[in-house]
Amino acid sequence: MKSLKTNLFAVVAIAIAAVTMSFKLANNSTTYHYVSNSTAPGAFATPTNWEEGESDVCATTGNKPCEIEVPEGSSLSAELAGKNNAQVLAINPSSKRN
């Protein structure tokens, strides 16, 4: 009987760990891509210059942002608020385009 309780406890612990990990692994962020040609000061932080979804023209170099991920519970406006162009580029430095 003691062995059964130990095994049951181990199974329950593994199940709890698996459920907890599944919540942590879920990525519920939203991807936005930059659709404007403007590089004017503040243009990168203007929400209307972005569209939801991934871009097919991203490269790893350039002077304009390509994509950013907005975490669940936040908004594009909140992520861009008060940032200059350099700060927006720093959000995801590997996602830039010409």
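Residues numbered from 1 in each chain as written. Predicted model: local features only at pLDDT ≥ 70, side-chain atom pairs only at ≥ 80, totals over all residues. Heavy atoms only, no water.

## So, the sheet that holds strand β4 (residues 67–70)
Read across the sheet, three strands follow the order β2-β1-β4 without closing on themselves; strand pairing throughout is antiparallel. Here the strands that pair on one side only, and so sit at the sheet edges, are β2 (50–52) and β4. Recorded for the sheet is a direction-independent mean angle of 30 degrees between the axes of neighbouring strands. Across three bridges, strand β1 (residues 30–34) lies against β2 in antiparallel orientation. Bridge pairing in β2 links Y34 to W50. (Pairing = 2+ DSSP bridges. Helix = DSSP H or I, 4+ residues; strand = E, 2+ residues; numbered from the N terminus. Axes fitted to C-alpha atoms, helices over the stretch in contact; angles between N-to-C directions.)

## Overview of the nonpolar core
Y32, Y34, A43, F44, A45, W50, I68, V70, L76, L80, V88 and L89 form the largest nonpolar core, which has twelve residues in total. The set of elements that each furnish at least two residues to this core consists of β1, β4, α2 (76–80) and α3 (85–91). Excluding its chain neighbours within four sequence positions, the residues that come into contact with A45 are L80, K83, N85 and V88. (Core = buried A, V, L, I, M, F, W, Y, C linked by side-chain atoms within 4.5 Å. Buried < 20%, exposed > 50% of the residue type's maximum accessible area, 1.4 Å probe, protein only. Contact = heavy atoms within 4.5 Å.)

## A short note on the side chain of N85
Along the polypeptide, N85 turns up in helix α3. A distance of 2.9 Å separates a polar side-chain atom of N85 from the backbone oxygen of A40. Of note is the side chain of N85, whose polar atom sits 3.2 Å from the backbone nitrogen of G42. If we skip the residues at most four places from it in the chain, N85 touches T39, A40, P41, G42, A43, F44 and A45. (Polar contact = N/O pair within 3.5 Å; in protein donor to acceptor, adjacent residues only side chain to side chain.)

## With respect to the environment of Q87
Tracing the sequence through the fold places Q87 in helix α3. Sequence separation between Q87 and A45 is 42 residues; the distance between their C-alpha atoms is 8.9 Å.

## Quick look at the packing of aromatic side chains
Here the structure, examined in full by the defined rule, presents two aromatic pairs. When the ring of Y34 is compared with that of F44, the centres are 5.2 Å apart and the planes differ by 80 degrees; the resulting orientation is edge-to-face. Of this pair, Y34 sits in strand β1 while F44 sits in the loop between β1 and β2, and the two are ten residues apart along the sequence. Given a relative accessible area of 2%, Y34 falls into the buried group. Between the aromatic rings of Y34 and W50, the centroid separation amounts to 5.2 Å while the plane-to-plane angle is 70 degrees, which identifies the pairing as edge-to-face. With Y34 in strand β1 and W50 in strand β2, this pair connects stretches of sequence that are 16 residues apart. Accessibility classification places Y34 together with W50 in one group, the buried group. Cluster of aromatic residues (ring-pair linked, three or more members): Y34, F44 and W50. (Phe/Tyr/Trp six-rings, centres within 6.5 Å; stacked < 30°, edge-to-face > 60°.)

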